Amino acid sequence: MDTKIIQELREFLTQEQIKTDVLLKDCTSFKTGGKAGLFLIPETEDELAGSLSLLKEKDIPYFILGKGSNLLVSDSGYAGAVIKLGEGLSQIQAEGTIIRAGAGASLAKVARVARQETLTGFEFAAGIPGTVGGAMVMNAGAYGGEMKDVVESVRLLLEDGSIREFTCEEMKFGYRTGILKEIKGVALETVFALQKGEGEAIDAKMQDFAARRREKQPLEYPSAGSTFKRPEGHFAGKLIGDAGLSGYAIGDAKVSEKHNGFVINTGNATAKDIRDLIFYVKEKVEKETGVVLEPEVIMVGEF
Ligand SMILES: Cc1cc2nc3c(=O)[nH]c(=O)nc-3n(C[C@H](O)[C@H](O)[C@H](O)COP(=O)(O)OP(=O)(O)OC[C@H]3O[C@@H](n4cnc5c(N)ncnc54)[C@H](O)[C@@H]3O)c2cc1C
């Protein structure tokens, strides 16, 4: 990356917040991905807004990285700037039945705070390995719950540099989607509205969901969770199994035998292996069953 842009970014960020040697395979749950052109770690809203406006002015593409748990990053990496929200944008505060969480905070940590405050409603999200910001994009959900049920409002940094609070309704949450799939905003902070609960019941629910994950999901291998969205009226895993693809592999990318809906990295799978497998599965399932699978995993960079 041009050293001039690094100099200019120093107006907003310290040297330690601007990295040029970050391998994205170390930042994604699939454990694939080449280098980021730039890797920026803003700690405040001003640092973030300043950096983004400079990148826009210079026509440098960027994307926001949460925990990388729903991403397939190309082996050639990402030529633009990857923005990772720092600790300053990951703070969590509880106030009565409200939890205010910075977009960089992990869902697991928010769930721990909810438990400490004996607040119920967030148990479903405790085992989703992403950040609050990623969950606002995806309307992350599990075991009958989704972000839509617990979000009161989200503060967004919009493309024009303004910051505005969006209500839950304005976030247009749907199945694994929301307004952040339509507009290029950055989630800064979410207000979650929970209810007063009972400690033991919250623990029991979280333990039950965690046990169900361990039993059903290949958590011992790198993956991005469910590879495909659930097609209406079907389960992706069942269709994939019915198409005879359980255990099917390309290189070290494999359709998990434990859960056919997960593509896993059994060793040194490249992003290309994984992508090829995803498209092979999609094609074969359509041919065998007539159902079109849509990847839930987001592909980043050139393939
Ligand atoms: C083992 C495993 C189990 C999983 N189980 C579930 C599950 O039960 N339910 C479920 O819904 N998902 C599940 N997932 C998928 C994943 O955890 C979720 O999609 C999660 O919401 C992604 O969050 P993230 O922070 O990792 O986002 P990333 O994967 O880093 O990014 C996802 C998208 O969000 C964008 N983004 C991230 N932060 C921001 C921000 N602050 N502002 C704007 N855009 C942003 C990124 O640019 C990208 O487009 C699972 C994944 C794994 C590996």
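By convention here, each chain's residues receive numbers from 1 onward along its written sequence. Thresholds applied to this predicted model are a pLDDT of at least 70 for local features of residues and 80 or more for the giving and counting of side-chain atom pairs; totals over whole chains, interfaces and linings are not thresholded and use all residues. Hydrogens and water molecules were not included; the side-chain quantities draw on all heavy atoms of the structure.

1. A word on the domain arrangement of the chain
No. 1: An automatic or database domain assignment supplies the residue ranges for each domain. Assigned domains within the chain: domain 1 (3-87), domain 2 (90-215) and domain 3 (218-300).
No. 2: Computed from C-alpha coordinates alone, the two centres of domain 2 and domain 3 are separated by 27 Å.
No. 3: Note on contacts: a residue pair qualifies if any of its non-hydrogen atoms lie within 4.5 Å across the two residues. Between domain 2 and domain 3, the contact holds 7 residues from the first and 6 residues from the second.
No. 4: Two parts placed together each lose some accessible area under a 1.4 Å probe, and the buried area is that loss summed for both. In this assembly, domain 2 packs against domain 3 so that about 620 Å² is buried in total across both faces, 57% of it on carbon and sulfur atoms.
No. 5: Considering only the surface of domain 2 that becomes buried against domain 3, M138, Y175 and R176 emerge as the three largest contributors, covering 59% of it.
No. 6: We define a salt bridge as a side-chain nitrogen of Lys or Arg found within 4 Å of a carboxyl oxygen belonging to Asp or Glu. Our count for the contact surface shared by domain 2 and domain 3 stands at 1 salt bridge.
No. 7: For R176, the salt bridge identified is with E296, shortest N-O distance 3.9 Å.

2. As for the nonpolar core
No. 1: Counting 58 residues, the largest nonpolar core has F122, M136, M147 and F192 as its most contacted members.
No. 2: Helix and strand assignments come from DSSP, with helices taken as H or I runs of at least 4 residues and strands as E runs of at least 2, each series counted from the N terminus. Ranked by residues supplied to this core, first place goes to helix α3 (residues 107-116) with 5 residues.
No. 3: In this view, M136 contacts M147, V151, V154, M171, F173, L180, A187, T190 and F192; residues no more than four positions away in its chain are not counted.
No. 4: Joining through side-chain atoms within 4.5 Å is the link that ties buried Ala, Val, Leu, Ile, Met, Phe, Trp, Tyr and Cys residues into a set, and such a set is a nonpolar core. To sort residues, take the accessible area from a 1.4 Å probe on protein chains only and compare it with the maximum for the residue type: under 20% means buried, over 50% means exposed, and anything in between is partly exposed. In this structure, F30, L245, A271 and V291 belong to the second largest nonpolar core, which totals 22 residues.

3. A look at the sheet that holds strand β17 (residues 263-265)
Strands pair in a sheet through their backbones, by hydrogen bonds, and they do so in one of two ways: parallel or antiparallel.
No. 1: The strand order across the open sheet built from 3 strands is β15-β16-β17, with neighbouring strands paired in antiparallel fashion. The two strands at the open ends of the sheet, each matched to only one other strand, are β15 (249-250) and β17.
No. 2: By definition, two strands form a pair when at least two bridges between them are found by DSSP. With 3 bridges joining them, strand β16 (residues 253-255) and β17 adopt antiparallel strand pairing. Bridging from a neighbouring strand, K254 pairs with I264 of β17.
No. 3: Most of the contacts of helix α8 (residues 271-289) go to β16, to which it runs at about 30 degrees, and overall it touches β15, β16 and β17. Helix axes use the C-alpha atoms of the stretch in contact, all axes being lines fitted to C-alpha atoms, and the angles between their N-to-C directions lie in the range 0 to 180 degrees.

4. Notes on α8
No. 1: Spanning 19 residues, α8 covers 27 Å between terminal C-alpha atoms, matching the ideal 27 Å at 1.5 Å per step.
No. 2: Listed as buried for α8 are A271, D273, I274, L277, I278, V281 and V285. In a view along the axis of α8, the buried residues occupy a sector of 160 degrees, so they form one face of it. Exposed side of α8, more than 90 degrees from the buried face: E283 and K287 are the residues found there.
No. 3: Elements that come into contact with the buried residues of α8 comprise β4 (71-73), α7 (236-242), β15, β16, β17 and β18 (298-300).
No. 4: Of the residues trailing α8, G290 is marked for its positive phi of about 80 degrees. By this rule, a helix spans an expected 1.5 Å times one less than how many residues it contains. Arc definition: directions from the helix axis to the C-beta atoms.

5. Considering the site of the ligand
No. 1: Residues are labelled near a given molecule or strand when at least one of their non-hydrogen atoms is within 4 Å of it. Of all residues adjacent to the ligand, which total 35 residues, the nearest are I64, G66, S69, T131 and G141.
No. 2: What qualifies as a polar contact is a pair of N or O atoms within 3.5 Å, subject to a donor-acceptor requirement within protein and to the restriction that residues adjacent in sequence count only when both atoms come from side chains. Take G141: an N or O atom from its main chain is 2.6 Å from a nitrogen atom of the ligand.
No. 3: Note that an oxygen atom of the ligand is positioned 3.3 Å from one of the side-chain N or O atoms of R176.
No. 4: In isolation the ligand offers 970 Å² of accessible surface; the protein chains occlude 91% of this area.
No. 5: Elements with a contribution of two residues or more to the shell around the ligand: β3 (62-65), α4 (132-138), β9 (141-142) and β13 (186-193). Using the Shrake-Rupley algorithm and a 1.4 Å probe, accessible areas are obtained, with residue cover drawn only from the displayed protein chains.

6. Topic: the pairing of strand β6 (residues 92-95)
Remember that side chains alternate between the two faces of the sheet whenever the strand is regular.
No. 1: Pairing of β6 with strand β7 (residues 98-102) involves 4 bridges; the strand directions are antiparallel. Among the inter-strand pairings, I92 is bridged to a residue of β7, identified as A101.

7. Some points on the environment of E296
No. 1: Within the secondary structure, E296 sits in the loop between α8 and β18.
No. 2: Its relative accessible area of 12% is what places E296 among the buried residues.
No. 3: Each C-alpha atom of the pair E296 and C27 lies 18 Å from the other, and the pair is 269 residues apart in sequence.
No. 4: Beyond its immediate sequence surroundings of up to four residues, E296 is in contact with N70, M138, Y175, R176, S226, T227, F228 and K229.

8. Thoughts on the sheet that holds strand β2 (residues 36-40)
No. 1: The strand order β1-β2-β5-β3 describes an open sheet built from 4 strands, whose pairing is mixed. If you trace the sheet from one side to the other, it starts and ends with β1 (18-19) and β3, each paired once.
No. 2: With 4 bridges joining them, β3 and strand β5 (residues 78-84) adopt parallel strand pairing. Of the residues in β5, the one forming a bridge with L65 is K84.

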